[in-house]
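Spelled out, the chains give:
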Amino acid sequence: MPAEALTKTRSGSYRMIEGVAVPYRSLSVILRDRPRPYRERIAPGAMEVDDSVSMFIQHDHGGVPLARTGAGTLRFEERENELGFACDLPECRQDVIEALERGDFDGSVSVGFIVAEDGDTWQHRRSGPSVRTVRAARLVELSLVTAGAYRSAKSRLT
């Protein structure tokens, strides 16, 4: 199948989202899902990716996934400073494309992952938030979100 057929719908609009899932060494916004606020950074190569990783909207696992690694519709690529991704959107999800085109979604993405035992280290500070460094984790999902933890974790229509 020609590459153009994979990335364009019959109407000629976009069919693929690609971008940065994880920017390595970058600090996240302040996270508050633990008793003490913290910032997080992910070390290069920390994310293990297998055939079960799915892409969702707003981390909603109750809906139909937009794509999945095992189906070949979601792909990840290790790069020097980031974990990149590409997602082939289902033809019936014109709503996602429209939300991105209109700016309802600004392209922010967020990852869900499970940290391996002893897969992170913490730096606690007297003033300011602690810093967690993730060194080993299993990627569970990637989501298109309205507000992600990493400013440079972004996607774009292609």
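These notes cover the structure that comes with them. These numbers come from a predicted model, not from an experiment.

### What about the overall build of the protein?
- When you go through the protein residue by residue, the secondary structure sums to two helices and twelve strands.
- Taking 158 residues into account, the globule formula puts the C-alpha radius of gyration at 15 Å, and the protein, at 16 Å, falls close to it.
- Oriented by its inertia axes, the alpha-carbon framework of the protein measures out at about 55 × 30 × 30 Å.
- For the protein, contacts bridging at least 24 residues in sequence account for 67% of all contacts bridging at least 6.
- Carbon and sulfur atoms provide 48% of the accessible area of the protein, an area that totals close to 8,700 Å².
- Measuring between centres, the 22 positive side-chain charges of the protein sit 7 Å from its 23 negative side-chain charges.

### Comments concerning the sheet that holds strand 6 (residues 74–78)
- The strand order across the open sheet formed by four strands is 6-7-1-12, and the pairing between neighbours is antiparallel. Each edge of the sheet is formed by a strand with only one pairing partner; in this case those strands are strand 6 and strand 12 (155–157). For this sheet the average axis-to-axis angle between neighbouring strands, irrespective of direction, equals 15°.
- Summarising the sheet, strand 1 (residues 16–23) and strand 12 pair through three bridges and their orientation is antiparallel. By the bridge assignment, E18 is partnered in strand 12 with R156.

### What about the side chain of S54?
- Turning to its location among the elements, S54 is positioned in strand 4 (residues 54–57).
- The buried category is assigned to S54, whose relative accessible area is 9%.
- Filtering out sequence-adjacent residues up to four positions away, S54 remains in contact with P65, A67, R68, L74, V140, E141 and L142.

Definitions and cut-offs
Residues numbered from 1 in each chain as written. Predicted model: local features only at pLDDT ≥ 70, side-chain atom pairs only at ≥ 80, totals over all residues. Heavy atoms only, no water. Helix = DSSP H or I, 4+ residues; strand = E, 2+ residues; numbered from the N terminus. Rg over C-alpha atoms; globule rule 2.2 N^0.38 Å. Contact = heavy atoms within 4.5 Å. Areas by Shrake-Rupley, 256 points an atom, 1.4 Å probe, with all protein chains shown as cover. Lys, Arg positive; Asp, Glu negative; His and termini not counted. Charge placed at Lys NZ, Arg CZ, Asp CG, Glu CD. Pairing = 2+ DSSP bridges. Axes fitted to C-alpha atoms, helices over the stretch in contact; angles between N-to-C directions. Buried < 20%, exposed > 50% of the residue type's maximum accessible area, 1.4 Å probe, protein only.

In short, geometric facts, not functional conclusions.
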